[in-house]
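Here are the chains, one letter per residue:
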Amino acid sequence: MRHANRGAAGTLSRVISSHAYRFIFLKTRKTAGTSVEIALSKVCGPDDVITLISPEDEQLRVEAGGRGPQNFEAPPLRRRAFNHMSARLARDAVGPDTWGGYYKFAIERNPWDAVVSLYYWKYKDLPELPDFEQYVAEEWIEQLANNSRMYRIRGRLVVDRVLRYENLATELDEVWAHLGLPGSPDLPRAKGNARPAGHYRELYTDASRARVAEVFADAIEAFDYTF
């Protein structure tokens, strides 16, 4: 197998990138990205790039048999890799040869569901949750809408595939097979205990539903999401 730009990143997690398997995973927010990067770190080699995750998730990675953080500084990269790195900065970090020659993928999620997931995660340590309507009116969901920057540059799609969170197990299996990765994508449950049972629609009013539709209009149109 031909290896492109061996001196740069291999597997870029958060950004995760691999010389042997020639992929770059661009991690979006609230899309099971931590679970996916832990699974991917199990196929990484010593030259690949794996960025830091939280201490509790690093423990999950150890228990899963994955490699820990490595090669994410500059050097060996052109710039330091970090959590939820945009596609443009990831391209700058690994260099044009690696970026152009590797299979790139990310994950997207129904925005109304993702906003609820972030709500419960953000306030998981509070004894009482703040008003959901007020939360949706604030800037947090606008930051979540920046997920598109992790697979677009200047509005243009720059990855080979955007997986849907709603069908993640099946679509990740397909990517695993396409890349010829060993084993199967056994996903640990990372950051999955903050949210109670129930459907996301239960929290919305007409006003909060419309607010999400406005903020995430591009993703809703691109991926044909509905409430």
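Our subject is the structure listed above.
Residues numbered from 1 in each chain as written. Predicted model: local features only at pLDDT ≥ 70, side-chain atom pairs only at ≥ 80, totals over all residues. Heavy atoms only, no water.

Attention now goes to the overall build of the chain. Of the regular secondary structure elements, the chain holds ten helices and eight strands. Over its C-alpha trace the chain gives a radius of gyration of 18 Å, about what one expects of a compact globule, namely 17 Å for 227 residues. By principal-axis analysis of the C-alpha atoms, the chain measures approximately 55 × 40 × 30 Å. Across the 227 residues of the chain, 50% fall into the buried class. Carbon together with sulfur atoms contributes 47% to the accessible area of the chain, which is approximately 10,900 Å² in total. Across the chain, the 31 positively charged side chains and the 31 negatively charged ones have centroids separated by 7 Å. (Helix = DSSP H or I, 4+ residues; strand = E, 2+ residues; numbered from the N terminus. Rg over C-alpha atoms; globule rule 2.2 N^0.38 Å. Buried < 20%, exposed > 50% of the residue type's maximum accessible area, 1.4 Å probe, protein only. Areas by Shrake-Rupley, 256 points an atom, 1.4 Å probe, with all protein chains shown as cover. Lys, Arg positive; Asp, Glu negative; His and termini not counted. Charge placed at Lys NZ, Arg CZ, Asp CG, Glu CD.)

Mapped onto the fold, alanine 145 is located in the loop between α7 (140-144) and β6 (152-153). Taking the C-alpha atoms as reference, alanine 145 lies 33 Å from glycine 45; in sequence the two are 100 residues apart. In this view, alanine 145 contacts Val215 and Phe216; residues no more than four positions away in its chain are not counted. (Contact = heavy atoms within 4.5 Å.)

What follows deals with the side chain of arginine 22. By the secondary structure assignment, arginine 22 is in the loop between β2 (15-17) and β3 (23-26). Salt bridges are absent for the buried arginine 22, whose nearest opposite-charge side chain, aspartate 97, sits at 9.8 Å. Engagement of the side chain of arginine 22 in a polar contact is seen with the backbone oxygen of glycine 101, the distance being 2.9 Å. (Salt bridge = Lys/Arg side-chain N within 4 Å of Asp/Glu carboxyl O. Polar contact = N/O pair within 3.5 Å; in protein donor to acceptor, adjacent residues only side chain to side chain.)

As a further point, take the pairing of strand β5 (residues 103-108). Taking burial as the measure, the six residues of β5 include six buried ones, the bulk of the element. By the alternation rule, side chains of β5 split into Tyr103, Phe105 and Ile107 and Lys104, Ala106 and Glu108, which are all buried. As paired elements, β3 and β5 share three bridges and run parallel to each other. Bridging from a neighbouring strand, phenylalanine 23 pairs with tyrosine 103 of β5. (Pairing = 2+ DSSP bridges.)

Below, the discussion takes up the pattern of salt bridges. As enumerated under the stated definition, the model contains ten salt bridges in all. Close ionic contact of arginine 109 with aspartate 113 constitutes a salt bridge, the shortest N to O distance being 3.1 Å. Each member of the pair arginine 109 and aspartate 113 is classed as buried. Salt bridges sharing common partners tie together Arg88, Arg91 and Asp92.

We now examine helix α9 (residues 206-215). Within the sequence span of α9, burial applies to Ser208, Arg211 and Val212. Each buried residue of α9 sits inside an arc of 95 degrees when the element is viewed along its axis, so together they form one side. Exposed and facing more than 90 degrees away from the buried side of α9 are Asp206 and Glu214. Tucked inside the fold, the buried residues of α9 contact α5 (111-122), α6 (132-137), α7 and α10 (217-223). (Arc of directions from axis to C-beta.)

Before going further, it helps to examine the packing of aromatic side chains. The description of two aromatic rings rests on the distance between their centres and on the angle between their planes. What the rule picks out here adds up to 15 aromatic pairs. Ring geometry for tyrosine 119 against phenylalanine 132: centres 5.0 Å apart, planes inclined by 80 degrees, an arrangement best described as edge-to-face. Separated by 13 residues along the polypeptide, tyrosine 119 in helix α5 and phenylalanine 132 in helix α6 bring together distant segments of the chain. As far as burial versus exposure is concerned, tyrosine 119 and phenylalanine 132 are alike and both buried. (Phe/Tyr/Trp six-rings, centres within 6.5 Å; stacked < 30°, edge-to-face > 60°.)

By size, the foremost hydrophobic cluster in this structure holds 42 residues, and its most contacted members are Trp99, Val115, Phe132, Tyr135, Tyr204, Val212 and Phe216. Elements supplying a minimum of two residues to this core: β3, α3 (87-94), α5, α6, α7 and α10. Broken down by element, the residue count for this core peaks at seven residues, all from α5. If near-sequence neighbours (up to four positions away) are discounted, tryptophan 99 is found in contact with Ile24, Leu26, Ala87, Ala90, Arg91, Val94, Lys104, Ile153 and Val158. Among the nonpolar cores identified, the runner-up in size contains 19 residues, and Val43, Tyr103, Leu163 and Val175 belong to it. (Core = buried A, V, L, I, M, F, W, Y, C linked by side-chain atoms within 4.5 Å.)

Geometric values such as these leave the question of function open.
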